[in-house]
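Report on the structure
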Amino acid sequence: MSAPLLSIEGVSVELPTPRGLLRAVDRVDLTLEAGRTLGVVGESGCGKTMLSRAILQLLPKRAKLDGRVMFGGRDLAGLSREALRRLRGPELAVVFQDPMTSLNPVLTIGTQIVETLQVHLGMSGIAATKRGAELLAAVGIPAPEQRLRQYPSQLSGGMRQRVAIAIALSCEPKLLIADEPTTALDVTVQAQILDLLAREQQRRHMAMILITHDLGVVAGRTDEVAVMYAGRVVERAPTPRLFAHMRMPYTEALLAAIPRLDSAPHTPLPAIGGRPPDPTRPLPGCSFAPRCRYVEDDCRAAKPPLADPERAGSLYACWHPR
Amino acid sequence: MSALLSLENLTVEYAVGGRSLFAVSDVSLHVDRGETLGLVGESGCGKSTLGRAVLQLRRPTGGKVVFDGTELTGLGAEKMRLMRRRLQLIFQDPIASLNPRRRIGDIIAEPLIIVGVTDKAERDRRVREVMTAVGLDPDVAMGRLPHEFSGGQCQRICIARALILEPELVICDEPVSALDVSIRAQILNLLEEMKRRYGLTLLFIAHDLAVVKAVSDRIAVMYLGKLCEIAPTERLFAQPAHPYTALLLDAIPVPDPTVRPATNLAVGEPPSPLDPPSGCRFRTRCPRADRQCAAEVPPLREVAAGQFAACHHPLTGPA
Amino acid sequence: MAAPRGGRRPGAVLACALVWLALIGCAAIFANLLPLPSPTEMDLLGKRALPDAQHWLGNDQLGRDMLSRLIHGARISLSVGLLAPVIGVTVGGALGMLAGYFRGPLETLTVGGVDVLLAFPPLVFALAVTTYLGQSVLNLILVIGILGIPAFTRVARAVTLSLTEREFVVAARALGATHSRILLREILPNVALPLTAFFLLGVAVTIVVEGALSFLGLGVPPPAPSWGSMIGEGRESLDLAPWLAFLPAVVMFMTVLAFNVVGDSLRALTDPRPGAL
């Protein structure tokens with residue numbers, strides 16, 4: 001078996017805040033092989049975005065990163081800014097939630113794509129413009145030549161996200177990180193964008209990390225899912241296995257809390273009581289214990305490790321799995 | 001059952017750069033007393049504008065809003081102000097809808113002060129009662145400022161403020177869209193409980209069909225300012241009549257990996273509301289569109305008992 | 001105002017500024033009770049005298065006690081500096097809030113009026129007032145106060161405009177609150193802090209403007225001392241006794257700086273949330 005494309009080893013991210021040190025990511029291990037898709041699911045504040053920033057080495061200045069982010073055999077944390085700059089684009093690319101803020105509003109779409117191609121692939125202006133139009137066509141933008149001359153504000157939200165994807169794909173990255181790529185979009189457009197990402201991922205044999213709060217989004221479109229809660233990965237399994245047999249009560253409760261299309265109107269939802277713990281005040285035991293319906297005394301005493309005691313390919317951090 | 005709220009040919013126009021944008025165009029519907037009507041559509045379809053037009057926060061440019069036999073559209077400012085205690089509104093962003101500089105106890109008591117409850121002890125009693133009802137501890141929460149609370153708790157505060165005057169109709173404008181999944185379920189359950197306890201009628205506006213299904217008796221679907229379909233909830237999900245409703249249903253991601261996501265859904269995105277297509281507004285994205293759809297605006301017709309659709313070629317015929 | 005939350009800002013600078021302002025303020029208020037020589041009594045033999053036990057900071061070019069003139073000058077400079085922006089903040093703040101809340105013709109009228117006031121040359125205005133109404137501290141406050149209205153109007157209007165669209169104001173409307181209640185209970189508390197911060201900057205600017213006008217002879221009538229007129233008079237003997245101009249300049253500089261520091265700290269506190277999280 002070949003070495004994984006990305007391997008995250010014991011990564012923690014700490015941020016100083018007025019209320020104390022905030023541990024946004026807490027000793028996370030993850031691996032991802034080339035051409036595979038990993039879904040990272042969690043609610044706001046669970047650390048999923050900080051984890052993606054840690055992989056991209058785009059953490060806020062005050063943040064402190066521990067652990068190793070191995071990408072293609074190199075530790076990204078040890079690379080110079082110049083080496084990182086050369087890596088972003090041809091190797092690592094990202095699509096953010098809000099395409100309005102990730103695109104520069106005063107430059108045309110064309111300028112933004114062409115610049116990326118010229119800088120990273122050393123293409124000439126004419127070749128880059130031609131390639132830019134091809135890329136826009138590939139992500140499903142009609143009349144690409146005309147679009148190149150337009151500004152981001154002249155496009156709809158879905159079209160802007162397509163442009164952001166085209167820019168991310170322009171240098172044929174080995175890993176694409178999509179951070180809530182459809183959260184700002186309408187339902188009918190969300191499906192189109194997810195389809196586009198899946199199609200391009202397969203066609204290019206690109207690895208992808210799909211970060212989302214929506215279990216529905218990862219269900220049909222990932223190979224493996226990692227569920228995060230309070231900075232930790234609390235369950236990780238191949239997607240079909242995860243949905244077939246959820247071990248961690250949090251994952252189970254999260255799925256149950258989603259209104260289902262096949263249940264009758266006015267069916268009460270099994271809500272998760274309470275709210276996530278204060279990240280500046282870590283608990284000694286399982287972070288989910290205060291909200292867990294199966295909680296026992298030992299849950300509050302010690303943190304369960306993320307492990308696979310049955311050797312069935314399903315990792316979970318729970319003393320009393322389902 | 002009688003209609004508590006009815007809209008007749010409601011139209012709301014905005015002036016945008018010299019042109020008029022029909023945010024809501026000729027919409028007629030009614031909400032029965034005690035019912036929850038879900039209103040769904042994508043961004044820019046006019047669903048929020050409709051909600052605000054009902055409350056006369058945005059004055060309609062045409063048509064009528066009739067609430068419990070009174071035409072709100074013709075009401076003078078002072079009469080409308082007095083009417084407001086019977087209609088309430090809950091917003092999408094719970095944090096933004098609370099004044100950051102006022103204490104929770106004052107925010108929830110504000111409606112009582114506005115209607116002239118001068119007895120401080122009486123106000124205090126009612127604030128505590130409604131706070132307990134929405135699951136907040138009055139002793140802990142009353143003296144605090146909004147930023148000390150999470151989004152879910154702020155939404156509870158907003159619900160308490162909306163309910164303290166015991167209104168008859170509550171318009172919920174995307175009340176759970178800004179909340180996390182686990183908190184969303186708490187708030188949806190709370191709204192259902194409050195509806196029973198206070199005998200409310202709800203107009204529940206959202207973009208997420210699954211969320212709307214969980215609480216609604218009937219659902220209305222809007223597209224580019226027009227009503228596409230209105231039907232009892234179960235019927236709408238089992239047999240949608242309008243192709244747009246069907247598209248919305250297919251687009252919902254299902255949290256089950258054995259269900260393959262539908263691919264090649266109707267192409268394109270909603271056109272600009274400044275320049276809507278002629279005839280049926282959905283025709284540019286509709287697989288069933290033909291020449292008639294471009295020429296004639298389809299009227300809302302009953303396709304089955306209680307199910308109305310504005311489509312020349314509905315997916316289900318009259319039973 | 002309380003100290004900044006959780007050490008978000010180094011408090012030492014702010015503390016120094018507050019101590020300085022308190023010192024100057026107390027000196028100005030209690031100037032008559034302090035054992036000081038008269039600020040207007042001339043000692044023609046002790047012109048430009050160096051500091052001694054009786055005159056701690058020496059005498060000016062007419063033999064008047066410098067310390068006494070500085071402290072009595074603080075009285076005038078601070079009262080002009082504080083009262084003129086009060087006119088600006090009350091008139092301008094109210095106009096701006098009304099214009100931003102009600103929009104429509106009222107807004108057009110206010111914005112138009114403010115633009116006219118801004119376009120009017122301030123020196124010509126000051127000259128006209130002193131010529132027709134005479135030179136007095138009150139007229140000086142009036143002139144600077146009126147000239148400050150446009151800036152306060154603009155700040156208040158801008159803040160109100162963004163607040164009026166916020167959900168909590170719409171919520172108050174939906175509850176049936178009257179306009180006056182919305183303006184006073186929902187909008188005013190949120191406009192007050194940015195306006196206060198701007199007010200403190202206004203104080204700093206006004207002290208400088210008062211100095212400039214007095215320097216030009218349009219300010220406080222002599223022999224009453226103000227920092228600006230002291231700098232103006234000291235200018236004549238810059239070569240012989242430069243401290244006569246520098247002392248009031250330093251005191252004015254420190255005071256303006258202190259008001260700016262306090263204003264800035266207040267603006268940093270404008271946001272009630274303790275940092276984004």
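No experiment lies behind these values; they were computed from the predicted model shown.

1. Here's the deal with the overall build of chain A
Across its full length, chain A holds 12 helices and 11 strands. In terms of overall dimensions, chain A is globule-like: its C-alpha atoms have a radius of gyration of 21 Å, near the 20 Å expected for 322 residues. Summarising its shape, the C-alpha atoms of chain A cover approximately 70 × 50 × 45 Å along the three principal directions. At a minimum sequence separation of 6, the contacts of chain A that also span at least 24 residues come to 63%. Just so you have it, chain A exposes about 13,700 Å², and 54% of that area is on carbon and sulfur atoms.

2. Observations concerning the overall build of chain B
Scanning chain B for helices and strands turns up 11 helices and 12 strands. Against the 2.2 N^0.38 benchmark of 20 Å for 319 residues, chain B shows a C-alpha radius of gyration of 21 Å, consistent with a compact globule. For chain B, the C-alpha atoms occupy an extent of roughly 65 × 50 × 45 Å along the three principal directions. Sorting the 319 residues of chain B into buried and exposed places 58% on the buried side. Relative to all contacts within chain B whose residues are 6 or more apart in sequence, the contacts with residues 24 or more apart total 63%. Accessible area for chain B stands at about 12,200 Å²; split by element, carbon and sulfur atoms hold 50% of it. In chain B, 38 side chains carry a positive charge and 37 a negative one; their mean positions are 3 Å apart.

3. A few points about the packing of aromatic side chains
Inspection of every chain in the model, using the stated rule, returns 9 aromatic pairs over all chains. Ring geometry for phenylalanine 120 of chain C versus phenylalanine 125 of chain C: centroids 6.1 Å apart, planes at 90 degrees, classification edge-to-face. Among the aromatic residues, ring-to-ring pairing joins Tyr229, Tyr250 and Phe288 of chain A into one connected group. The ring of tyrosine 294 of chain A has arginine 322 of chain A sitting right over it, with the charged end atom 3.5 Å from the ring centre. Sitting over the face of the ring of phenylalanine 237 of chain B, lysine 213 of chain B holds its NZ or CZ atom 4.7 Å from the ring centroid.

4. Examining the nonpolar core
For soluble globular proteins, nonpolar side chains are generally found buried alongside one another. In terms of nonpolar packing, the biggest core is built from 94 residues, with Tyr250 of chain A together with Ile108, Ile159, Met194 and Phe204 of chain B touching the most fellow members. Counting 47 residues, the second-largest nonpolar core is a separate cluster that includes Val89, Val191, Ala204 and Phe259 of chain C.

5. Regarding the sheet that holds strand β1 (residues 3-16) of chain B
All names here are of chain B. If you trace the 4 strands from one edge of the open sheet to the other, you get β2-β1-β4-β5, paired in antiparallel fashion. Of all the strands in the sheet, just β2 (19-32) and β5 (70-71) have a single pairing partner and so form its edges. In this structure, β1 lies alongside β2, joined through 10 bridges in antiparallel fashion. Each residue of the ladder has a partner; that of glutamate 13, found in β2, is phenylalanine 22. Contacts from helix α1 (residues 47-54) reach β1, β2 and β4 (62-67) within the one sheet, and its direction differs from that of β1 by about 115 degrees.

6. A few points about the pattern of salt bridges
Taken as a whole, this structure holds 48 salt bridges over all chains when the rule is applied. Linking glutamate 35 of chain B and arginine 218 of chain B is a salt bridge whose minimum nitrogen-to-oxygen distance equals 2.5 Å. Of the two residues, glutamate 35 of chain B is situated in the loop between β2 and β3 (36-40) and arginine 218 of chain B in strand β9 (residues 218-223); the sequence distance between them amounts to 183 residues. For the pair formed by glutamate 35 of chain B and arginine 218 of chain B, the shared burial category is buried. Members of the salt-bridge network, linked through shared partners, are Lys130, Arg131, Glu134, Glu172, Arg199, Glu200, Arg203 and Arg204 of chain A.

7. Looking at the packing of helix α4 (residues 122-133) of chain C against helix α5 (residues 137-164) of chain C
All names here are of chain C. In contact at an axis separation of 10 Å, α4 and α5 are set at 150 degrees when each is read in the N-to-C sense. The pairing of α4 with α5 is recorded here as roughly antiparallel in orientation. As for how α4 packs across α5, the hand of that crossing is right-handed. Residues Pro122, Phe125, Ala126, Val129 and Leu133 of α4 pack against Asn139, Val143, Ile146 and Leu147 of α5. The residue makeup of the contact of α4 with α5, split by class, is 8 nonpolar, 1 polar and no charged.

8. So, the sheet that holds strand β12 (residues 307-309) of chain B
Residue and element names in this part refer to chain B. Across the sheet, 8 strands lie side by side as β6-β7-β8-β3-β9-β10-β12-β11; this open sheet has mixed pairing. Strand pairing shows two members of the sheet lacking a second neighbour, β6 (87-90) and β11 (301-304), which therefore form its edges. The mean angle between the axes of side-by-side strands here comes to 20 degrees, regardless of whether they run parallel or antiparallel. Both β11 and β12 contribute to a ladder of 3 bridges, which runs antiparallel. Bridging from a neighbouring strand, arginine 301 pairs with alanine 309 of β12.

9. Concerning the environment of leucine 117 of chain C
Relative to the assigned elements, leucine 117 of chain C resides in helix α3 (residues 104-119). For the pair formed by leucine 117 of chain C and proline 242 of chain C, sequence separation is 125 residues and the distance between their alpha carbons is 38 Å.

10. Here's the deal with the side chain of serine 287 of chain A
All names here are of chain A. Here serine 287 is to be found in the loop between α11 (249-256) and α12 (297-301). Judged by relative accessible area, serine 287 falls into the buried class, the value being 12%. Setting aside residues up to four positions removed in sequence, serine 287 forms contacts with Tyr229, Ala230, Pro277 and Lys303.

11. A few points about helix α7 (residues 179-215) of chain C
Residue and element names in this part refer to chain C. With 37 residues, α7 ought to run about 54 Å at 1.5 Å a step, yet its terminal C-alpha atoms sit only 46 Å apart, falling short of that. Along α7, the sharpest kink reaches roughly 55 degrees, centred on leucine 188 and followed within four residues by the proline proline 189. Immediately beyond the C-terminal end of α7, within one or two residues, lies glycine 217, with a positive phi of roughly 85 degrees.

12. Section: the interface of chain B and chain A
On the side of chain A, 46 residues touch chain B, which itself brings 45 residues to the contact. Together, the buried faces of chain B and chain A total about 3,600 Å²; carbon and sulfur atoms form 57% of this surface. Interface area lost by chain B to chain A is led by Val181, Pro255 and Glu269 of chain B, which between them contribute 18%. Our count for the chain B to chain A interface comes out at 0 salt bridges. There are 16 residue pairs in polar contact (both at pLDDT 80 or more) connecting chain B and chain A. For the side of chain B that touches chain A, the secondary structure elements donating two or more residues are α7 (181-198), α8 (209-215), α9 (233-238) and α10 (243-251) of chain B. When residues of the side of chain B that touches chain A are assigned to their parent elements, the largest contribution, 9 residues, is made by α7 of chain B.

Cut-offs applied
Residues numbered from 1 in each chain as written. Chains lettered and ligands numbered in written order. Predicted model: local features only at pLDDT ≥ 70, side-chain atom pairs only at ≥ 80, totals over all residues. Heavy atoms only, no water. Helix = DSSP H or I, 4+ residues; strand = E, 2+ residues; numbered from the N terminus. Rg over C-alpha atoms; globule rule 2.2 N^0.38 Å. Contact = heavy atoms within 4.5 Å. Areas by Shrake-Rupley, 256 points an atom, 1.4 Å probe, with all protein chains shown as cover. Buried < 20%, exposed > 50% of the residue type's maximum accessible area, 1.4 Å probe, protein only. Lys, Arg positive; Asp, Glu negative; His and termini not counted. Charge placed at Lys NZ, Arg CZ, Asp CG, Glu CD. Phe/Tyr/Trp six-rings, centres within 6.5 Å; stacked < 30°, edge-to-face > 60°. Lys NZ or Arg CZ within 6 Å of the ring centre and 35° of its normal. Core = buried A, V, L, I, M, F, W, Y, C linked by side-chain atoms within 4.5 Å. Pairing = 2+ DSSP bridges. Axes fitted to C-alpha atoms, helices over the stretch in contact; angles between N-to-C directions. Salt bridge = Lys/Arg side-chain N within 4 Å of Asp/Glu carboxyl O. Parallel < 35°, antiparallel > 145°, perpendicular 65-115°, else oblique. Left-handed = near helix turned anticlockwise from the far one by under 90°. Nonpolar A, V, L, I, M, F, W, Y, C, P; charged D, E, K, R; others polar. Expected span 1.5 Å × (residues − 1). Bend = angle between axes of the 7 residues up to and from the residue. Buried area = accessible area lost by both parts, 1.4 Å probe. Polar contact = N/O pair within 3.5 Å; in protein donor to acceptor, adjacent residues only side chain to side chain.

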